[in-house]
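# Observations on the three-dimensional arrangement
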Amino acid sequence: MDHRSRVFASVFAVPSLSHTTPTPIATPDLGYTALGQSFGSPFVANATGQHRAVKRNLAWSTATRFLSLPKSSNSGGVSFEIRQGLKTADVEEALRYLITGDGKTEDGNEESLLDWYTSEARLHFATAVRPILEHLWEKEIKLSSTWSVLEETQQILQHAQDLYMQSFNDHLIPVIQQLDGSVPTIRRSKSAISPSESANRKFRRDLHAVFAHSLPSQRLSKTLSYVLYDAGCAMFRLFIRQHEVQIGPPPEDPTAIRERMITVLDSLERVGLGGDTAQKAFAHAMDRLMDTFINSHYLKVDWYSQKSTVPHLRMWIKDGFCPFVELVLASLKSDTWRIQPTELQQWQDMALGRLGKARVETLFDFVIKWPKSMGAIQDIKEYLKLLNAKNNLTTAFRQQVARRLLHPGATTTWILNVYISIIHVFQTLEPKGVQLERVARPIRNYLKEREDTGRIIISSLLTDSNDRTKFGAGGELSYEIASEMQKPFANFNQEEDEELNWGDMNWQPAPTDASPDFKKSKVEDVIWFLLTLWDREEFINELKNILGDHLLKAADPEFEKEIRLLELIKVRLGDDKLQACEVMLRDVLDSKRINASIRASGNSPQPQGLQLPRTPDGVPKTPESYRLAKPSKAQLLPPSTPDSKPLQGPTLNAQILSSFFWPSLRDDEFRVPAEIEALQKDYESRFERIKGMRKLRWMNALGDGSVTLDFEDRTETFDKVFPWQVSVVYAFQPKPGEEWAAGKGKGKGKSNQAVTRNVQQLEEMLEMDEQLIRQALSFWVGKSVLREVSTDTYSVIENKSSAPSDSAAAAAAEELAEVQAQEQGAVRSQADVLLEKKDIYQSFIMGMLTAQGNIPVMRILMMMRMLVVGGFPFGEEEVKMLLEEMETEGKVIGMGGDVWGIKKA
Amino acid sequence: MATNGSSATVAQRLQKELMDLMLSPNPGLTAFPSDSNLLHWTATIEGPADTPYASLTFKLTFEFASTYPYTAPTVLFKTPIFHPNVDFSGRICLDILKEKWSAVYNVGSVLLSLQSLLGEPNNSSPLNGQAAELWDNDPEEFKRLVLARHKTPEELDAEAL
């Protein structure tokens, strides 16, 4: 307060300034005269009161003038300098009088000196200090300046506090302390709070409240939080570095940071900015710090040693995080700065939960990279011990799978491979398989819907995993499945001892979170999961088809893989349904024996070994297959015919198949070369001698053969050619009457005039389907054996050198032949079945539409599946095809929206 | 268990009958389950040529009991028909559907019998006396009443709605 205002105030009461006015505002209050008393009598009752008031006012004036805080003369600057006059005896006296003497406030009516001083300090702060702080805090604090702003604030406040406290401590406290002595000893020993102490505390508290209110609390808390976070980050660089090789000096010295932080915290605490707000800010900071640490490179997935990072995390919480918290809390003078073991545990779990969530978010990538991602998987495994973690895992992962795996762009092979990885990963995560069951359900349902799933699985199982060439990137075979097949059988008989095996360190209690239909399977290797994708019946049907095809083509005379596969499936699915497959397998094995015994009994004039160049142990391949049928229990067999030159004569081996048990096989009718036919007859009669009444029906379309062709300038041998191909090329042998072309009787023709046949002739000669003839012809053209001399007319290339221009045509034909060959399976395709039963299906549809009116395709499909004896193994597409065909025939009509009805005449 | 077992055999038998009907359809006759329940069938018969019913199509329903084929199915004309052996609610008087039923009959044979009944009514035990009388005495009027009473399947469907 400047001089002028002080003069003014000494004359006129200025209420707003009243408490800062050191002099009495007005003349002393002389009390008033009670009713019935003479005015002004010195003997009135309150004479002493009057006297006291005057005295008090005087003392008040002296004391307040002495204690009043310096005011800056201009509003711009602030001075914290203490400009108090000398503490005279008067002042001393006045203070003592006001605080401890009679002038002490008695009933709260009068303002106490301490209250006045507090107000004085508050006002001083508001006018002098606060503008500076407001200037400092009015804008968002930049991250780079948080430390300095905070430090500056703290310094300003510290100065202000020092200023206020100085007078307080120097002048007021000593006076109050005199009171201390008068306090009864009993109270003192008990609560140990002296009046001076409590006055001190009260004053501080008031000051701190003023300080705290002068700052925007949210911004302050954010800033403080960032500062702590920053300090934490800087410090933990140090902490981690202790365990690693130090790479260069850290950008900031962690120790310095630590000191700086402690200083800031300590001084903040001193000016009253510690406490709850600071602790809250600190909590935020620690929260972020934990996240930062979890996402930092220290907790990266361990791709190299493939270990879990969880121990590291726990150690950090214990040895890094907790000490840091303790340090800060101690600086903030928190009552509970020591970390309890339970809190430690909580924090570790919390950190683990966050780590786990982060890992689960990218679990799909880890699955794909399995087994290199073992480290991450181990992390998640630790995480699963937490409450609710399993739910999070399954929900998150199912979403990832739905988004990234189960879409039309993924090939079935890839889905299967990923599924296998998922099985591995989840078996590691949770051996009981409850979570696996949950996440796998959508995948399994999806795989079931894909048509090629079964084929891929079974053919992959039958493929040699060592033969890497077969598993191309876009291929149909899954290397994963094939290599699973190579793994040894799991030990299936262990589980009965499981509960009693007290030495089992991996034992876990039965799962409590399993769905009601969960059933722990006995055998849990990958193949089991694949084999149980379907109902047993469906699967076995599929297996029969593929196994049939495979057995007929198999190169391994011992059928080791096939036997093993069958055993494997028996173990998993039970042996009762696999009878047909066993019969099939036994057929091919028996055939070998029968072949041998027939050959022995026949004393075949030709030596066998010479005809079979590629079967060293004399076991024949299975070149041609023929079915033999008995009325009820039939057998079919593809015999083996190394079909070679007339000189040596061909040999024949047969596969004898029990037609009842095999899937429906290709059965194209055509004539085989006469020599083969003779062999077949011979074989047949011998077989009937051995096998009693059984009859053979030859299936000429199956099997394969080796032929050696003699040309004028070369001799070529072809292995593994189809019987119809053999027949077609044999048809180019000179016929009787064509001896002019026969040369020496064993070649294919004469040098000047090669044997020529056209398609129609071949059809008549072989009684073969035209399509099949054309296929065979293009095969031989591709092999440069035949040449198309004019449309549909082919002749033998006797002299290769004479026809150099054929190579391009040959290449084209070879390509064509390859494409066609791929379409040739031994087992009839579904499309064939659909074609064959089309009439029945169509009359079903007609009947259905007649009886039930207009119905949608889905319902037709459903009814077909239910009603057709033997099942309707097709889908909506095929039903639509049938309907469309019937529509063109004018029988039915599409009503739109997939609904179909009978076309009214 | 017993009922389950027998209804399974009923279903099997009916499925087989259906398959047979599909494999060798009879001209002018169709039969098919009405919905996913195999015990309810809908059938159609075309009136035989040279009868008053020529070129008319009649809809029938079959209800099979769980004891089928040891009891006859309940067969009703759904299309209104003017016929001596069929009453106005479609009930049929035919010996093989009553006391002469035997397990060797099946849906196909019942439909064939009904088709022939259209051309050769049994006037000795009529359910519709007027029809029996007119059949013998006034074929013109009979034919007129047949046509008056007949409804096409479309009209039937429209009524059902």
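Here is what the cut-offs are and how they apply
- Residues numbered from 1 in each chain as written.
- Chains lettered and ligands numbered in written order.
- Predicted model: local features only at pLDDT ≥ 70, side-chain atom pairs only at ≥ 80, totals over all residues.
- Heavy atoms only, no water.
- Helix = DSSP H or I, 4+ residues; strand = E, 2+ residues; numbered from the N terminus.
- Buried < 20%, exposed > 50% of the residue type's maximum accessible area, 1.4 Å probe, protein only.
- Contact = heavy atoms within 4.5 Å.
- Areas by Shrake-Rupley, 256 points an atom, 1.4 Å probe, with all protein chains shown as cover.
- Buried area = accessible area lost by both parts, 1.4 Å probe.
- Nonpolar A, V, L, I, M, F, W, Y, C, P; charged D, E, K, R; others polar.
- Pairing = 2+ DSSP bridges.
- Axes fitted to C-alpha atoms, helices over the stretch in contact; angles between N-to-C directions.
- Parallel < 35°, antiparallel > 145°, perpendicular 65-115°, else oblique.
- Left-handed = near helix turned anticlockwise from the far one by under 90°.
- Arc of directions from axis to C-beta.
- Expected span 1.5 Å × (residues − 1).
- Polar contact = N/O pair within 3.5 Å; in protein donor to acceptor, adjacent residues only side chain to side chain.
- Salt bridge = Lys/Arg side-chain N within 4 Å of Asp/Glu carboxyl O.
- Core = buried A, V, L, I, M, F, W, Y, C linked by side-chain atoms within 4.5 Å.
- Domains from an automatic or database assignment.
- Patch = residues over 30% accessible without salt bridge, like charges linked within 9 Å, V, L, I, M, F, W, Y side chains within 5 Å.
- Lys, Arg positive; Asp, Glu negative; His and termini not counted.
- Charge placed at Lys NZ, Arg CZ, Asp CG, Glu CD.
- UniProt positions renumbered as here; feature names shortened; annotations may be inferred.

## Concerning the overall build of chain B
If you tally the helices and strands in chain B, you get five helices and four strands. Its helices and strands taken in sequence order, chain B reads α-β-β-β-β-α-α-α-α from the N to the C terminus. Counting across all 161 residues of chain B, residues that qualify as buried make up 42%. Partitioning the intrachain contacts of chain B with sequence separation of at least 6 by distance along the chain shows that 54% fall at a separation of at least 24. When the accessible surface of chain B is summed, it comes to about 8200 Å², and 55% of that surface belongs to carbon and sulfur atoms.

## Things to note about the overall build of chain A
Per the secondary structure count, chain A includes 33 helices and twelve strands. Counted over contacts in chain A with a minimum sequence separation of 6, partners at least 24 positions apart contribute 70%. Summing over all exposed atoms, chain A offers an accessible surface of approximately 46300 Å²; the carbon and sulfur share of this is 53%.

## Focus on the interface of chain A and chain B
At the junction of the two partners, chain A supplies 16 residues and chain B supplies 16 residues. Buried area between chain A and chain B, summed over both chains or domains, comes out near 1400 Å², and the portion from carbon and sulfur atoms is 73%. When the buried surface of chain A facing chain B is broken down by residue, A:Ala851, A:Leu867 and A:Val869 rank first, second and third, together holding 33% of it. Elements that contribute at least two residues to the side of chain A that touches chain B include exactly helix 31 (838-852) and helix 32 (857-867) of chain A. Among the elements that line the side of chain A that touches chain B, the one with the most residues is helix 31 of chain A, at eight residues. The residue inventory of the side of chain A that touches chain B, partitioned by class, reads ten nonpolar, four polar and two charged.

## Observations concerning the sheet that holds strand 4 (residues 74-77) of chain B
Residue and element names in this part refer to chain B. One open sheet holds the four strands; their spatial order is 1-2-3-4, and the pairing between them is antiparallel. Two strands close off the open sheet at either side, each with one partner strand: strand 1 (29-33) and strand 4. Along the sheet, successive strands turn relative to each other by an average axial angle of 20 degrees, direction set aside. Strand direction decides the pairing type here: strand 3 (residues 57-63) and strand 4, joined by four bridges, are antiparallel. Note on strand 4: the bridge partner recorded for Glu 63 is Thr 74.

## Observations regarding the packing of helix 10 (residues 275-295) of chain A against helix 12 (residues 341-361) of chain A
Residue and element names in this part refer to chain A. Packing of helix 10 against helix 12 brings their axes to within 10 Å, and their N-to-C directions diverge by 50 degrees. Taken together, the axis directions place helix 10 and helix 12 in an arrangement best described as oblique. The way helix 10 lies across helix 12 gives a crossing that is right-handed. In contact with Asp 287, Met 290, Asp 291 and Ile 294 of helix 10, helix 12 contributes Trp 347, Met 350, Ala 351, Arg 354 and Leu 355. When grouped by side-chain class, the residues that make up the contact of helix 10 with helix 12 number six nonpolar, no polar and three charged.

## So, helix 27 (residues 759-766) of chain A
One turn of the α-helix equals 3.6 residues, which is why residues spaced by three or four share an orientation. Residue and element names in this part refer to chain A. Residues of helix 27 that are buried: Val 759, Leu 762 and Leu 766. In a view along the axis of helix 27, the buried residues occupy a sector of 60 degrees, so they form one face of it. Counted as exposed and oriented over 90 degrees from the buried face of helix 27: Gln 760 and Glu 764. Those residues of helix 27 that are buried lie in contact with helix 25 (723-730), strand 7 (756-758), helix 28 (770-782) and strand 9 (793-796).

## Some points on helix 2 (residues 107-119) of chain B
Residues and elements named next belong to chain B. Across its 13 residues, helix 2 extends 19 Å between first and last C-alpha, which sits within 8% of the 18 Å expected from 1.5 Å per residue. Listing the buried residues of helix 2 in full gives Val 107, Gly 108, Val 110, Leu 111, Leu 114, Gln 115, Leu 117 and Leu 118. Capping the start of helix 2 is the job of one residue whose side-chain oxygen sits 3.0 Å from the backbone nitrogen of Gly 108: Asn 106.

## Thoughts on the pattern of salt bridges
All names here are of chain B. Summed over all chains, the structure comprises 18 salt bridges over all chains. As a salt-bridge pair, Lys 16 and Asp 20 come within 3.2 Å of each other at their nearest N and O atoms. Pair noted here: Lys 16 and Asp 20 are both in helix 1 (residues 2-23), with a separation of four residues, about one helical turn. Given the relative accessible area of 52%, Lys 16 is considered exposed.

## As for the packing of helix 4 (residues 113-137) of chain A against helix 7 (residues 195-214) of chain A
Angle between the axes and distance between the axes are the two parameters that describe a pair of packed helices. All names here are of chain A. Running from N to C, helix 4 and helix 7 cross one another at 25 degrees; their axes reach a closest spacing of 10 Å. Taken together, the axes of helix 4 and helix 7 are roughly parallel relative to one another. The two elements helix 4 and helix 7 cross, and the hand of that crossing is right-handed. Across from Leu 114, Asp 115, Tyr 117, Thr 118, Ala 121, Arg 122, Phe 125, Arg 130 and Leu 133 in helix 4, the residues of helix 7 making contact are Ala 199, Lys 202, Phe 203, Asp 206, Leu 207, Val 210, Phe 211, His 213 and Ser 214. The residue makeup of the contact of helix 4 with helix 7, split by class, is ten nonpolar, three polar and five charged.

## What to know about the sheet that holds strand 7 of chain A
Backbone-to-backbone hydrogen bonds pair the strands of a sheet. The strands run either parallel or antiparallel. Residue and element names in this part refer to chain A. Here three strands make up an open sheet; going across it, the order is 7-9-8 and the pairing antiparallel. A single partner strand is all that each edge strand has here, and the edge strands are strand 7 and strand 8 (786-790). When the angles between neighbouring strand axes are averaged without regard to direction, this sheet yields 35 degrees. In the sheet, strand 7 pairs with strand 9 via three bridges, with the strands oriented antiparallel. Directly across from Arg 757, in strand 9, lies its bridge partner Tyr 794. In this fold helix 27 packs onto strand 7 and strand 9, with an angle of close to 85 degrees to the strand it touches most, strand 7. Where helix 28 meets the sheet, it contacts strand 8 and strand 9, and its direction lies at approximately 110 degrees from that of strand 8.

## Side note on the nonpolar core
With 165 residues, the main nonpolar core has A:Tyr164, A:Met261, A:Ile422 and A:Phe426 as its most contacted residues. With 14 residues, the top contributor of residues to this core is helix 5 (residues 146-180) of chain A. Residue contributions to this core reach at least three from each of two domains, namely domain 1 (3-21 + 51-72 + 83-179 + 199-215) and domain 2 (592-602 + 651-690) of chain A. What A:Phe426 contacts, discounting residues up to four positions off in sequence, is A:Leu363, A:Leu393, A:Phe397, A:Pro431, A:Gln435, A:Leu436 and A:Val439. The next biggest cluster of nonpolar side chains, apart from the first, holds 66 residues, and it includes A:Met848, A:Phe874, B:Val107 and B:Val110.

## As for the pairing of strand 9 of chain A
Residue and element names in this part refer to chain A. Residues Thr 793 and Ser 795 of strand 9 are buried on one face, and the alternating residues Tyr 794 and Val 796, pointing to the opposite face, are buried as well. Sheet analysis places strand 8 next to strand 9, joined by four bridges and oriented antiparallel. Counterpart to Glu 788 in the pairing with strand 9 is Tyr 794. Linking two consecutive strands that pair antiparallel, namely strand 8 and strand 9, is a turn of two residues; a positive phi of about 65 degrees is found at Asp 792 within it.

## Observations concerning the pairing of strand 1 of chain B
Of all the five residues making up strand 1 of chain B, four are buried; the element is thus mostly covered by neighbouring parts of the structure. Between the end of strand 1 of chain B and the start of strand 2 (residues 40-46) of chain B, which pair antiparallel, lie six residues.

## As for a negative patch on the surface
Side chains of A:Glu451, A:Glu877, A:Glu884 and A:Glu887 sit close together on the surface and give a patch of like negative charge. Secondary-structure assignment places A:Glu887 in helix 33 (residues 876-888).

## Some thoughts on unusual backbone geometry
Residues and elements named next belong to chain B. The step from Tyr 68 to Pro 69 runs through a cis peptide bond, and the omega angle for that step is 10 degrees. Here Pro 69 shows up in the loop between strand 3 and strand 4. A positive phi angle, near 65 degrees, is found at Asp 50, a position not held by glycine. By the element assignment, Asp 50 lies in the loop between strand 2 and strand 3. For Asp 50, a relative accessible area of 81% translates into the label exposed. Of note in the backbone geometry, Ser 55 takes a positive phi value of approximately 65 degrees without being a glycine. Tracing the sequence through the fold places Ser 55 in the loop between strand 2 and strand 3.

## With respect to the UniProt feature "active site" (unreviewed entry) in chain B
UniProt records the feature "active site" (unreviewed entry) at B:Cys93, using the numbering of this structure. Residue B:Cys93 is classed as partly exposed on the basis of its relative accessible area of 27%.

## Here's the deal with the environment of A:Lys300
All names here are of chain A. Residue placement: Lys 300 occurs in the loop between helix 10 and helix 11 (310-331). For Lys 300, a relative accessible area of 55% translates into the label exposed. Placed 59 residues apart in sequence, Lys 300 and Arg 359 show a C-alpha to C-alpha distance of 9.8 Å. Contacts of Lys 300, omitting those with residues within four sequence positions, involve Thr 309 and Arg 359.

## Focus: the side chain of B:Thr79
All names here are of chain B. Mapped onto the secondary structure, Thr 79 falls in the loop between strand 4 and helix 2. Assessed through its relative accessible area of 1%, Thr 79 is described here as buried. Polar contacts involving the side chain of Thr 79 include one to the main-chain amide nitrogen of Lys 59, which spans 2.7 Å. Excluding residues within four positions of it along the chain, Thr 79 makes contact with Thr 57, Phe 58, Lys 59, His 150, Lys 151 and Leu 156.

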